[in-house]
Structures are given as structure tokens and as C-alpha cells.
Amino acid sequence: MTMLPRFRRLFRIDRGAVDVPVAVADELQFHFDMTIDELLAAGKSREEATREAHRRFGDLEQTRLGLQHIGRVRVTRERRAQWWSGMSQDLRYALRGLRLSPGFTIGVMLTLGLGIGANATMFSIIDPLLFRAPSHLAHPDLVNRVHLATQYQGKEFFRANYSYRTFLDLSRDTHSFADFVGYWPRNLAVGDGTETQERRVTGVSASFWQLFPVRPELGRLFSAQEDKVPFGENVIVVSWPYWQSQLGGRRDVLGQHLHIGKLDYTIIGVAPRDLIGLELTHPMGFVPLTSMATNSFEDRGAGRRYYDSYSMNWLQLVAERKPGVSVAAATADLQQAMIRSLEQKSALQPGSDPIASLKPRAMLSPIQFEAGPNRSTATKVGTWLVGVALLVLVIACANVGNLLLARALRRRREIALRLALGVTRGRLLAQLLTESLLLATLGAGFGLLLASWGGSVVRHTLTPDAEAGGVFSDPRMLAFAALTMLVAALLCGVAPAVMVLRADLAGALKSGSREGGYHRSRLRVGLLVVQGALSVVLLVGAALFVSSLRQVRAQPLGYDADKVTYVEQNLRGTALTDDQRYLLLDRLVQRAQELPGVVAASRTTSVPFYMDWGEPLFVPGIDSVSKRGDFVLQAVTGGYFRTMGTRIVQGRALSDADRAGTEMVMVVSQSMARALWPGENPIGKCVKIAADTLPCRGVVGVAEDIKRGSLSDDPGLMYYVPILQYPVGAFGIFVRTSAPATETADGIRRALQAEMPGNAYLTAQPLADLIAPEMRSWELGATMFTVFGGLALLVASIGLYSVIAYTVAQRRQELGVRVALGASVRSVLQLVVGDAMRMMAIAVALGIAGALLAARWVAPLLFHTSPRDPLILGGVAAALLLVGLAASFAPAWRAAHIDPATALRSE
Amino acid sequence: MPRARNDILQGTLGLLVLQTLATRGPLHGYAITAHIIQASAELLRVEEGSLYPALHRMEQDGWVKAEWGITEKNREARFYTLTPQGHKQLAQEQESWTRLTSGVRRVLRYA
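Cut-offs applied
- Residues numbered from 1 in each chain as written.
- Chains lettered and ligands numbered in written order.
- Predicted model: local features only at pLDDT ≥ 70, side-chain atom pairs only at ≥ 80, totals over all residues.
- Helix = DSSP H or I, 4+ residues; strand = E, 2+ residues; numbered from the N terminus.
- Rg over C-alpha atoms; globule rule 2.2 N^0.38 Å.
- Buried ≥ 20, exposed ≤ 12 C-beta atoms within 10 Å, placed from the backbone.
- Pairing = 2+ DSSP bridges.
- Axes fitted to C-alpha atoms, helices over the stretch in contact; angles between N-to-C directions.
- Contact = placed C-beta atoms within 7 Å.
- Nonpolar A, V, L, I, M, F, W, Y, C, P; charged D, E, K, R; others polar.
- Parallel < 35°, antiparallel > 145°, perpendicular 65-115°, else oblique.
- Left-handed = near helix turned anticlockwise from the far one by under 90°.
- pLDDT = per-residue confidence, 0-100.
- Core = buried A, V, L, I, M, F, W, Y, C linked by C-beta atoms within 7 Å.

A. Summary view of the overall build of chain A. Scanning chain A from terminus to terminus reveals 27 helices and 23 strands. The C-alpha radius of gyration computed for chain A amounts to 38 Å, which surpasses the reference 29 Å derived for 907 residues by more than 25%, pointing to a less compact arrangement than a globule. C-alpha extents for chain A along the principal axes are approximately 135 × 95 × 55 Å. Buried positions account for 41% of the 907 residues belonging to chain A.

As C-alpha cells, then:
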């Protein structure tokens, strides 16, 4: 045994767990030696004494191990207790510090709260879209959606909808899957009489209940026997929210009947509260897929029934792999089955495209639809906003870091003193981090409050269909907030920590806060520049989205979306012949025109952003009209152009005088005229609809282009025919009112409902509502970028102000001397403001560079706006410099008016 | 575990050790054994294999405090001292021991 451990022990310097075995050995050895001494004294030989001592002691090794174990447990406990006491000490210290400067605390809490709140908000929106698996899914890791990628005209398209026959083929011809589920969510009329309301009902194959092995809240689920081709049982498992809100949550609902669509359903069960299924919101209930098919499709004869046709693609597919089967292996298996199914289809429908040219590729995509190949613009914008929210957090952290740094600088002497007194840097670091952690916790609390409020606002614009969960009750949300909080605490705490670690002891101790105080911290300037640069990036983003939104809104639609309502008839099993349906629609048009406030009304076949009707076209002198584009048919009554507000730019509009038996006429859109007869007068040209053998239809007018499927790049290829000469598509009518459609739509529906026979009913939607989703992503992008960008700018300008004001306060003496020596107000202003402007100039340059770098990725989300628009970039740069000027002017003004006498006397 | 002849009744070892420390002040393990042998007129012998684990457990429980010190013969040893908590524990164990013995005595007398 060397001297060193003994020495250490004497002075009770504990090295912790490492010393335990040594201490145990020493203690036992001592006992042993004493026993031997005693025995020797009693006259035994050394050999005998040793043997006797060993005998008395028993199993020495076991005792030793036992003691070591006890010792280690003790050391760990002591250390933990020490850590806790240190921690609680730090916490008390930090709390006291924060209480002493409430302004600082509240400022930091708000800043961090905004940053964390922005992130929590975006997370709450993106999580269910991209990451969270549906609740009650038995094996989330094994479940995939089935997509089919096919090539068409050099582009790849991803299909998510399949025929029932494909569903059967794939279930039968694959061996990698434990479960194949087909489902179809559909809006159906639920209830009777005035209670009737359209609600979403989801048809699911019975295998759905294997994917979601739930115990119903009440009653039972349905079995494969009840989901039989061709007719499933008309039974429904209602969702929990529907049961609560519409059925009063009563326990005697089992066996009750519900009129859904055109069938009568029996309630057999109530789903558990949080069973949503494969979409983002609760349907009103789940019915067997085959019963849904019966409810929705007419029997159109062999080969065209839902279960033996390949051409009705109505259901979405979800597959669960068998345990242990990789995605790659399962995909290969699926691919082979998919090709077989496509071959079957080709054999039945000889006219379809050759399979090889489609280059079909079966895909297993994530269960979250939006994480698959067909993600919506809303999700894309949402993902961008996640990045934006992160930037806001970084800016907030930079700002808080700066404030903490200023605090640390003010406490330089205190810190140096404590270091000199032997407080370890580790302890000091722990204290500073405790402070920033505490601030971040306060911020996170505030941030969650913001998120619970802001989240519902944003979610409403971005994903109005998704169901909102409580922010505070969602463990994933809380975990995310906690994580953000930790990140924020570290980001904020790092700058002051670095300063502490590099603290120059002697210098700080020697100098008073007078001499030692003024040194321009490069770190603080760096943080400021980062904030400024990120603000520039966000503001550029905001300007780009605002400009896009303005461009979108300024788009001529070719009709007045605000004043037109689309009224659709829904027969709900009421048997009417085609002729009866046409007559009914004519009566609705007639009746609508008599209503007060109605300007005009017309029957319609195609509805913008809702549905298109197409027929093959034949034009003399043109080989293949379909190669020139996708032409959409609009069969209307005479009031159509007046109803929609679509202008006729050449020739005449259609009128009610154009009927069966009179001259066959049509009106074409400008784009269509250009596509078919470039450079020629379209009036009088001949077009044949549906078949080449039919007689000519003469073009009598040209209408302005309208947007019908896309706001950005709509080809606008549209033609109009009198519905009396081409009776198709008896679905609905357009009604134009003098007041905005949002106010009149429901009144019109009620007034017209009286005309409907049997169970038939009407729905009325303002045309603007159909277009709104198209605008949503830009609206949201513009709003959020502006809000976040504004926040960033605000935070950055506060940061700039505080840094400048702080510097001025530190330089009070020097500035006082300058003023005393005759420096003019102007020159002092220049000095201080110049400093600030130099920083801002660097920030602007970096920010613009960043914005240009991001341009490539943001461009596809913009509308008729270049991400490199010099006007926007220049404008933002100017705005930031102006803000910099404003933020630094007040402290500069104060500096220039320092009274030299007081400045020099003080301290 | 091999048992010694003069094994001490389960649960009384703690009482003996606490009592020893209370009367004799800070002692190392060997001195505790020696005191118990002497005080019991060699009727009781504490087995080393049980003494040290018992001492360390008492230390963990906060009944005794251990410190390294120097013996009269200038050797380094670990000395155990009774803590206030240990005093309380001793009082409790004394009382329960008294109850136990008087109970046992009554049963013996009854027979």
C-alpha cells in the first residue's frame, strides 16, 4: 500500500466509488492483523495464529464482496444527494436572480414563448399529417398504403384508388401480407326529413378490424360474413363522437335504425372514443365495404358491377405485412400480383393502354397519406413553415442569448471573484444553464398556451379537415415542447457559458466595471448579425408569399365566383328516368329565377374545381383532337353566361332558342379556338361531338377563358353546347344572386328543396368555397411568413436596440470626453448609428445571400413571382436598414446629449 | 454460510453494537468484537463475517458514522461513532429487546 491513499483518507478526500474496494480491504486487513496480534500474544505460533484468524473470519471473500456492494450503493446515494442539493441550490439562485429583474424575465419568457409556441403550433399540425400513426393500429411498423406509379406522357403519376376486383386480386395473389384492407370514405345523407344531413361514412372491408383490433365501446363489430359480395349486411358501427352528439350517448342505441344514403342500417356497435380509422377525422360510422358499394353503385350488368369491373377505381388499399417480411420483399411480391391484375384487366378491356408503356410500379408507402407520394400543397407549405418556425426559434434564442450575455457581462466581476474563490467552472456553468433552462421552461409554458390558441387558428386554414387534439393532453406534443425547450435552453445558454469558460480572471478583477466594462463582444455582434440575417430571410419569404397571393387573387377566373351558388341534386334512391331528372332540373332553374335576389340561373354539366365532363371531339382537317389537349364539355341552358358572368368576346352566346331541331351550335373558349384553328376565325367552324359520323356543329361564339381545374396553369380548353341539343349530366344548376353567395346559398337550397320528390335532396355551395382550397396554401404561406417574419423583425430590432443602448451606456465616459472635447452632436450620432448600420449591412448581405440560396426550393410554391425579384429583395433590405436606423437612433441621441460633467464625475 | 458455535440470536447483533458504541464511544470493528466478548464474560462471540456487513448497513442507514483514524498503536483503522439517529434506534431496540425477553420469560415460567 502506498502512502498516497492513506494520506488522502486521513484528510477525508473522497474519490468516490473507486476507493470502496481499497477501504474495505484495509478495514478487514486491520481486523485480521489485530486478531493475529492477539493470538501471538496468547503464545500461538504465527502459522497457528493465521490459521485460527482465518477460521474465525469464515468466508472472507464473500464478506469482502458484500461490503464492497454496500459501499458502492452508499457512494452512489451520497453523490445523488449532493447533485440534488447542488441542483436545488442553483434553482433557488436562478429564481432569485430572475425575481430581481422581472422586466428581463418577462421579456425573455415572451421571446422564447413565441419561438417555442411557433414550433409547437407547427408540430401539432404536421405530426398527424406526416408522423403519427392512427390510434389503435395493432402493428404500425408493418402497415403501409398501396400506391401504384404509372408513366403517362413521360410523367409519373401515383394512384391510390383501386377497383374492388384489384383488391380481391391483390389479396389472393400475394403471400407477404397478413391483412389487406380496402376502404372508402364517402359523404352520404344521414337521417330523415328535416334532420337529414350529409355526413362522412366510411366503408371498410371486415379485415379493417384486424388492422384495428379494438373492443367496441358498445355492441359488436362486423365480420367477414357481413361483408360479402355482392350484398353486404346493412349494419353500422357508429363512431364515438356521432354517438355522443347525435344519439345522446345512450346505451340503448343498439338495434336502432339509421337511414343512410338510400339504405336502412342497423346500429350494431359503437367504436371506441379515439378510433378514427385511416383518415384524419372521425367518420360518422363504419359500414361493410360491400354494403357501401350497394349503397353507391347501380347494378349495370355483368362486367360492370362493382365486384367484377376493373374500371371503377373507388377504394383505397392498406396492407399489413406479415411479421419479419421486409418492405422490399413485400413490394416485390405486390408488384408481381399487381402486374397479374393489370394483365387480367387488359384481357377484359382490349382497348386499354399496353401495360409495358405504363411502366407500372407497385409501392408500399407510409400509412400517413401525406407522407406518401401524393402529398398536398398544404403539407408542402406546412413543411416549409416548420422550417420557418425553427428559424424564429433560432432568432429568439440568439436574442435571449444576447440578453443573457449582457447579464453575464454585467456580472463579470462577480463571476471572476467566484472563480478566484475556487468555485469550479463546471459549477458556474451548471448555474448559468439552470438559469437558461428555467427561462426556457417559463417560455415553453407560455409557448404551449400560444400553440393551443394559435394552433387552432392555423389548423383551420391549413388542414380544416384534420381533427384537433388538445395541446396539453397530448403526450407527443408535450414531449416535443420539452425537447424544444431543452434545445432553446442550450442555444441560449451557450453564449454566456462560452464567456464564462474564457473568462480572464485577473483582468476582470483588477478593472472596475468602469475600465473593464467596455469591450465590444464579438459574440454579441455575431448573434445580432445572425438575427438580422434570419429576419431578412423570413421577410423575403413573407414578401414572396404575399406577392404570390396577390397574383393568385388577381387572376381572372372568367366567372364571378363570389355571387354564384352551385346547387346539386342528390336523388338518394328516388327512382327517376333521365327525362324526369332533366325536367326536375329545368323546374329548379325556373323556380330559382322567380326567387327574390336571384339574377339568373342555368343548368350545368361541368363545375369548376369540382367536376368535368368530356367527350371525344372530331374536327375536319385535324387528325387527333385529343392530342391538342383535354377539352371539357359544358352543356348549359340559355342563361348560363349571364349567370356566371363569363364574357363572350366574339360572336354570340347560347340562348334558349337553341333547342333540339334548330341549327346545331356551340361556343368555344379563346384558348380552344387558338388550339384548334390558330390564326383563323373560329366562327362557322365545324366540330363533331362523340362520333366522327355525326353531323357538324357550328361555332357561333367565342367566350373568355375560365379557370376550372388549376389556378396556376389551366389550359382553359372549354366548349359550350345548348343542353337541349346535347342532354347530358343531370346533376345541378348554377344560381346567380345580387348578394354574395355565402349569404344566399342556404336560402336558395331551402326554397328549392320543396320541389324535390321522395327522399331526394339538394346541397348548395358557393362557387367561391369550391375554389377556396386552391388558394389556401398561398393564403397560409402569406399569413404565416408575414406573422413569423414580423415577429423575427420585432425581436431582432429589440435585440439591436438593447445592444446599442448597452454599448452606449458602457461608453458613457468615452463619449462624455468626446463631447467635452467638442465633438458635435452630429459626429456622435454618426459614430453610434454608423456602428449599428455596419452590423445591419452585414446582416442584410448574409440574409439576401441566404434567401437566394433558398430560392430554388421555394420557387415551386410561388405563383407568378420570382424568388429573386430584385424589388422584393431590395425592399426587404431597405426595410431592415430602416429598422436598424430607428433602433439605434434613440440610444445614439442620448449619447450625443450626454452631459460631459456628470459623465466624467460618475463612478 | 457456515455458522459459528456461539452464534448471536438474529436481530440482537445490531442492539449489541449500538449499545457498545453508546457506552464506549468511537471504536473500530475489532474493538467492538473485543468489547462484546469481554462484557459478556466470553459468553457471546461476534462473528466477523456478520459484524462488518452489519456495521456498513448501519452506516448506510445513518445510525453510525465511520471515519478513518489512528489507533493507540499508531495504526490506521476505521472508527465508528453513534449518530443521534443511532441513539434513537438503540432506544427502540432496547425496548423491543426488553419486551421480547420478558415475554419469553413469562412463557418459560408458565410452563
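B. Seen up close, the sheet that holds strand E22 (residues 732-737) of chain A. Residue and element names in this part refer to chain A. Strand order in the open sheet formed by 4 strands is E14-E22-E13-E23, and the pairing between neighbours is antiparallel. The open sheet terminates on both sides in strands that have one partner only, identified here as strand E14 (598-604) and strand E23 (761-766). Neighbour-to-neighbour, the strand axes of the sheet open up by a mean angle of 25°, direction not taken into account. As paired strands, strand E13 (residues 564-570) and E23 are joined by 6 bridges and run antiparallel to one another. When the sheet's bridge partners are listed, Gln 569 is paired in E23 with Leu 762. Along the sheet, helix H22 (residues 741-753) contacts E13, E22 and E23; its crossing angle with E23, the most-contacted strand, is approximately 165°. Along the sheet face, helix H23 (residues 767-810) touches E13 and E23 and points at about 55° away from the line of E23.

C. The arrangement of the interface of chain A and chain B in detail. With 19 residues of chain A in contact, the opposing surface of chain B contributes 19 residues. Residue contributions to the side of chain A that touches chain B peak at 7 residues, all from helix H4 (residues 60-100) of chain A. For the side of chain A that touches chain B, the class distribution of residues is 8 nonpolar, 5 polar and 6 charged.

D. Broad picture of the packing of helix H1 (residues 12-24) of chain B against helix H4 (residues 84-110) of chain B. All names here are of chain B. Packing of H1 against H4 brings their axes to within 9 Å, and their N-to-C directions diverge by 125°. In terms of axis orientation, H1 runs oblique to H4. As for how H1 packs across H4, the hand of that crossing is left-handed. Residue-level contacts link Gly 14, Leu 15, Leu 18, Gln 19 and Ala 22 of H1 to Gly 86, His 87, Gln 89, Leu 90, Glu 93, Gln 94 and Trp 97 of H4. Residues belonging to the contact of H1 with H4 are distributed by class as follows: 5 nonpolar, 6 polar and 1 charged.

E. The arrangement of the packing of helix H6 (residues 164-173) of chain A against helix H10 (residues 327-348) of chain A in detail. Residues and elements named next belong to chain A. Running from amino to carboxyl end, H6 crosses H10 at an angle of 135°, the nearest separation of the two axes being 9 Å. In terms of their interaxial angle, H6 and H10 are classed as oblique. In this structure, H6 crosses over H10, and the sense of that crossing is right-handed. Across the interface between the two elements, Thr 166, Asp 169, Leu 170 and Asp 173 from H6 touch Leu 334, Ala 337, Met 338, Arg 340, Ser 341 and Gln 344 from H10. Residue composition of the contact of H6 with H10, by class: 4 nonpolar, 3 polar and 3 charged.

F. Structural view of the confidence of the model for chain A. All names here are of chain A. Averaged over every residue, the pLDDT of chain A is 85; residues scoring 70 or more account for 94%. The secondary structure element of chain A with the lowest average pLDDT is helix H17 (residues 513-517), at 44, and the one with the highest is strand E10 (residues 285-288), at 97. With pLDDT under 50 throughout, residues 1-15 is counted as low confidence; its partners more than four residues away or in other chains account for 7 contacts. Between residues 512-518, whose pLDDT stays under 50, and residues either more than four places distant or in other chains, the model counts 10 contacts.

G. Highlighting the nonpolar core. All names here are of chain A. Ranked by size, the top nonpolar core spans 111 residues in total, and within it Val 388, Val 392, Ala 488, Val 536, Leu 538 and Val 540 carry the most contacts. Per element, the largest residue contribution to this core is 20 residues, and it comes from helix H12 (residues 377-410). Those residues within four positions of Val 540 in sequence are excluded, and the remaining contacts are Ala 851, Ile 872, Leu 873 and Val 876. If you look at the next biggest cluster of nonpolar residues, it comprises 61 residues, including Val 201, Leu 211, Leu 218 and Met 312.

H. Highlighting the sheet that holds strand E3 (residues 76-82) of chain B. Residues and elements named next belong to chain B. Read from one edge to the other, the open sheet built from 3 strands follows the order E1-E3-E2, with strand pairing classed as antiparallel. The two strands at the open ends of the sheet, each matched to only one other strand, are strand E1 (27-28) and strand E2 (64-70). Taken strand by strand, H1 contacts E1, E2 and E3, and its axis lies near 95° from that of E3.

I. Structural view of H6 of chain A. Inspection of H6 of chain A places Tyr 164, Arg 165, Thr 166, Phe 167, Asp 169 and Leu 170 of chain A among the buried residues, and these make up the whole buried set. Elements in contact with the buried residues of H6 of chain A: strand E3 (161-162), strand E4 (177-190), helix H9 (289-296), strand E11 (315-321) and H10 of chain A.

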